[in-house]
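Coordinate analysis (summary)
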Amino acid sequence: MQKKDVGLLVLVLVVGAVVAAINPRFLSPINLANTANLIGLFGLFSVAEAFVIVTGGIELSVGSVIALLGVIFVDLIVNHDVPWPLATLIVICIGAVMGVIHGFLITRLKLQPFVVTLCGLLIYRGIARFYTADGTAGFSFGDSFPMLEWVVSGRTGGVPHSIMAFAVVAAVAWFTLHRTVFGRHLFAVGKNEEAARYAGIDSTRVIVLAYVICLVLTAVSAVFFAMYTRSIQPSSHGNFYELYGIAAAVLGGFSLRGGEGSIIGVVLGVVLLQELQNLVNLLGIPSSLNFAVMGSVILIGVIADTQIDRYRQRRRQALGLSMLNADGSGAGELGLTGGKQ
Amino acid sequence: MTVKNPIALTLSGVSKLYPGVVALEDVGLSIRGGEVVGLIGENGAGKSTLMRVLGGATAPDRGSIELDGESIAALTPAEATARGIAFVHQELNTFTNLDVAANVLLGREITRGPLGVLDRRAMARAVEPILQRVGARFGARDSAFELSLADQQLLEIARALSMDARLVILDEPTSSLTLSETQRLLEVIAQLRDEGVAILFVSHRLAEIEQVADRVIVLRDGRNAGELGRGEIEKNRMVRMMIGRDVGQFYDKRDHDAHAPVLQLRDVATSTYPDARVNLSVKAGEILGLAGLVGAGRTELALATFGIDARRGGEVLVNGVPLPPRSVAQSIAMGLCLLPENRKEHGLFLDFAVSENVTLPSLARLSRRGVVDRAAERGLAETSQQRLGIKVASLDRAVAELSGGNQQKVVLAKWLAMGPKVLILDEPTRGIDVGAKAEVYRLMQDLANAGVGILMISSDMEEVIGVSDRVAVMCNGAIAGILSSRDLTEESILRLAVG
Ligand SMILES: Nc1ncnc2c1ncn2[C@@H]1O[C@H](COP(=O)(O)OP(=O)(O)OP(=O)(O)O)[C@@H](O)[C@H]1O
Ligand SMILES: [Mg+2]
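All values reported here derive from a predicted model rather than from experimental measurement.

Brief notes about the overall build of chain A
Of regular secondary structure, chain A possesses 14 helices and four strands. The globule rule puts the C-alpha radius of gyration for 341 residues at 20 Å, and the 22 Å found for chain A is close to it. With respect to the principal axes defined by its C-alpha atoms, chain A has extents near 80 × 55 × 35 Å. Relative to its full complement of 341 residues, chain A shows a buried share of 52%. Sequence separation of at least 24 residues holds for 76% of the intrachain contacts in chain A that already meet a minimum separation of 6. Carbon and sulfur atoms provide 67% of the accessible area of chain A, an area that totals close to 15,300 Å². A distance of 8 Å separates the average location of the 21 positive side-chain charges in chain A from that of its 18 negative side-chain charges.

In structure tokens:
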């Protein structure tokens, strides 16, 4: 766990304690289960976003993809009698294809990720609305698809399946990003693409894979969201989710310049954002202020982070200096030696 | 032109700490207008840090600065500039999208009318005399995009002078210049001194120091290790003070038997010189020098060979097997590695730990089913650190914190860990101190003795002649001739290089 993550964990715990102290309902089993469910749902695409941010890219079409793949999923099941496992697979494949296209445009045609995925945001949203003739893709099929209902929206021992799925995804993502060669390549390409090329890393492949992973995970989360909301209003379903994912990643220590961040950080970022949502609801703050609260906390968090870093550096400096003043041998014990090690 | 009030600057008791390292401890330095002071020391001795303190870029933790009889705790960059101290950074920050005059007067543009429209003619008029003063061969209206590194350096100096600099600080200004460009710069330096400017000059090329410095200040491990006056400046003496011992045999000519070629270039053409065809072969156990003027196409040839750039035809064979074009991964897999010329942009991930930098290309070997074996990674990093003597508090430190020479060692370590069969070294000792240079040469010779073929691009004539078994000289993208070690002299190389 990095130092940044510890700071964020403390923040999560403090905010949680404050909310619980003011309104004990925060800790009621119902509220906890609900919050956990939301953490699972929002966490899936936030982790997805982290994979492209670490390469120095960005994926702005997440919300639109959730809407489009959501209506496709519903349509396949309700109107075309496609079995739900197959429908899920189809939706995931579409996500993968979208990832390949985004990656191709960014690496081969050298378009900026911001531009490519902004166009994706507009295009997918438009298609989703056209597809349903701007109507609501609704279903009452919860009853007729009990298995799907249970897998995606069910609970085991009171724990929502969505957060279990998120836990598994986050664990795999952590391992991939922080323990595998591919993860190291993601960081390397994000930090310095030229140097990565000189080191023999196929940066095109790495970047395309990052977008594929991102949109496949987004497709999975689209299925979860479709089952959560039960009806999809294609003009608003998933709006702003990409920004939510980016916010979680930034809170979690990801640099938008690429090459930095940790999965533990994103997970904590997602938890914190949901806590804030909860805080707004439970403390009776007008829900119109929702985004304002979220924005302020992110800003404060980021500012605190840089300030604490500075403070730490100054303290270390002062400590080293006082050792040097006291005597040279003390400095040696601190691990301070002359220019020569 | 003479400086009106020459500078008088004294630093005393300066200390600077970085996490885990004492970069400077109780260092003193004084300099007056009209003298050239050489600042020398091993990699990591604290030279750049001391210069940054002078230029106001780094605040010292302790120590005092006395400037023109006035005592100051620490300078900010703005104060330093205002008081006539100019710092020419090793990494040049020329804006290539502007013209020369705009670069020189950046932030102090001359404008006209109430709207503040740029008066480009007045700017050019103001800049021309300064360009003449530094002996520039480019005009104020030229685009900075076309300037060579040497010319960019002159531009930076012109910029310093345009701010009425009384002290010009130069951190390794000659490390990427060719011999003749270096001579030109040294002449400019001598002339500025005669005008009353003070010059503080860091270089690892001791011959230049001998030529131009009036006084030499030596740093060792962040402390003063002594000073040499005009008559005492002599290479061996400087070396002894820098590293506390003699370097011993620098170049060590080996007898090597003719082996099979490990690297062959057949009719290779690069996109910079599409009409030139290069044929070259490097034998196992051989060090082939590649000399030439800057712009002769040596780096381009290396990049096309390695697979960074596309080839405009021709074939590259490693151990007789042709390399697919434009595949760096394939090149590396077949045992061909390249140490790039620009280590910060192409060789390193500055924010990453030293260990991560060293092991990056070796990860495939250090992993099982794609999962990195962290103990093995650690082991490799430690072995490499010992092998090359990389000075760093811990392998988890970011490479950005290392001194220039130690950064170069990290890049070298990265490729040596791959156990290459052919090594292309593009300016391998740039920014490396004498002691480390000797180590690098020894390393190259050990590798060659173990059968590695080495192609060494170098603009350091002494190095080319001292280390190479044969030298190929390039001119305008083509091989102008190949010299065997018997015919190696500076003149013979230069004659081929100028075409
Ligand atoms: N920003 C930094 N953070 C941490 N350590 C640093 C930083 N800058 C320099 N150091 C350390 O301070 C010491 C002196 O470094 P400095 O760059 O001054 O050396 P130098 O004499 O210029 O060497 P070189 O000849 O290799 O350029 C080194 O041990 C270096 O690792
Ligand atoms: Mg330096």
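Regarding the site of ligand 1
Residue and element names in this part refer to chain B. Lining the immediate environment of ligand 1, one finds 19 residues, of which Lys47, Ser48, Thr49, His204 and Glu401 sit closest. Side-chain polar atom of Asn43 to an oxygen atom of ligand 1: 2.8 Å apart, as the coordinates give it. With respect to ligand 1, the backbone of Glu401 contributes an N or O atom lying 2.6 Å from an oxygen atom. Computed on the free molecule, ligand 1 has an accessible area of 640 Å², of which 89% lies beneath the protein chains in the complex. Tallying contributions element by element places helix α1 (residues 47-54) first for the shell around ligand 1, with four residues. Taken together, the residues of the shell around ligand 1 break down into five nonpolar, nine polar and five charged. When residues are assigned to domains, the shell around ligand 1 turns out to be shared by domain 1 (8-94 + 147-244) and domain 3 (353-417), each giving three or more.

Side note on unusual backbone geometry
Residue and element names in this part refer to chain B. Its identity as a non-glycine residue notwithstanding, Asp68 has a phi of 50°, on the positive side. With phi around 50°, Asp221 is a residue other than glycine that occupies positive phi space. Residue Asp221 is classed as partly exposed on the basis of its relative accessible area of 23%.

Here's the deal with the interface of chain A and chain B
Listed by partner, the interface residues are 33 residues for chain A and 46 residues for chain B. Of the roughly 3,400 Å² buried at the junction of chain A and chain B (both faces included), carbon and sulfur atoms supply 60%. Run the count over chain A and chain B and you get two salt bridges. When the shortest N-O distance is used, the salt bridge between Arg184 of chain A and Glu377 of chain B registers 2.7 Å. Elements that contribute at least two residues to the side of chain A that touches chain B include exactly α7 (161-179), α8 (181-191), α9 (193-198) and α13 (290-326) of chain A. Split into classes, the residues belonging to the side of chain A that touches chain B amount to 12 nonpolar, 13 polar and eight charged.

Topic: the pattern of salt bridges
Opposite charge on two side chains allows them to pair when their charged atoms are near. All told, the structure shown has 26 salt bridges over all chains when counted by the stated rule. Two residues, Glu149 of chain A and Arg230 of chain A, come together in a salt bridge whose shortest N-O distance is 2.7 Å. A residue pair is termed long-range when its members are at least 10 positions apart, and Glu149 of chain A in helix α6 (residues 146-153) and Arg230 of chain A in the loop between α10 (203-229) and β4 (231-232) qualify at 81 residues. Lys191 of chain A serves as the salt-bridge partner of Asp351 of chain B, at 2.9 Å between the closest nitrogen and oxygen. One end of the pair, Asp351 of chain B, is in the loop between α11 (343-347) and α12 (354-359); the other, Lys191 of chain A, is in helix α8, on a second chain. Overlapping salt bridges bring together Lys191 and Glu260 of chain A together with Asp351 of chain B as one network.

Details of the nonpolar core
Within the largest apolar cluster, 103 residues are counted, with the highest numbers of intra-cluster contacts made by Phe42, Phe73 and Leu273 of chain A. A per-element tally of this core places α10 of chain A first, with 14 residues. Ignoring any residue separated from it by four or fewer positions in sequence, one finds Phe73 of chain A in contact with Trp84, Ala87, Thr88, Val91, Leu148, Val223, Ala226 and Met227 of chain A. Of all hydrophobic cores here, the second largest spans 64 residues; its members include Val282, Leu338, Leu412 and Leu425 of chain B.

Considering the sheet that holds strand β4 (residues 62-67) of chain B
All names here are of chain B. Within the open sheet, the four strands sit side by side as β2-β1-β4-β5. Their pairing is antiparallel. The sheet is open, and its two borders are formed by β2 (21-32) and β5 (70-72), each paired with just one other strand. Strand-to-strand twist in this sheet, taken as the mean axis angle between neighbours without regard to direction, amounts to 20°. As judged from the three bridges shared by β4 and β5, these two strands associate in the antiparallel manner. Considered in β5, the bridge of Glu66 is made with Ser71.

Cut-offs applied
Residues numbered from 1 in each chain as written. Chains lettered and ligands numbered in written order. Predicted model: local features only at pLDDT ≥ 70, side-chain atom pairs only at ≥ 80, totals over all residues. Heavy atoms only, no water. Helix = DSSP H or I, 4+ residues; strand = E, 2+ residues; numbered from the N terminus. Rg over C-alpha atoms; globule rule 2.2 N^0.38 Å. Buried < 20%, exposed > 50% of the residue type's maximum accessible area, 1.4 Å probe, protein only. Contact = heavy atoms within 4.5 Å. Areas by Shrake-Rupley, 256 points an atom, 1.4 Å probe, with all protein chains shown as cover. Lys, Arg positive; Asp, Glu negative; His and termini not counted. Charge placed at Lys NZ, Arg CZ, Asp CG, Glu CD. Near = heavy atom within 4 Å. Polar contact = N/O pair within 3.5 Å; in protein donor to acceptor, adjacent residues only side chain to side chain. Nonpolar A, V, L, I, M, F, W, Y, C, P; charged D, E, K, R; others polar. Domains from an automatic or database assignment. Buried area = accessible area lost by both parts, 1.4 Å probe. Salt bridge = Lys/Arg side-chain N within 4 Å of Asp/Glu carboxyl O. Core = buried A, V, L, I, M, F, W, Y, C linked by side-chain atoms within 4.5 Å. Pairing = 2+ DSSP bridges. Axes fitted to C-alpha atoms, helices over the stretch in contact; angles between N-to-C directions.

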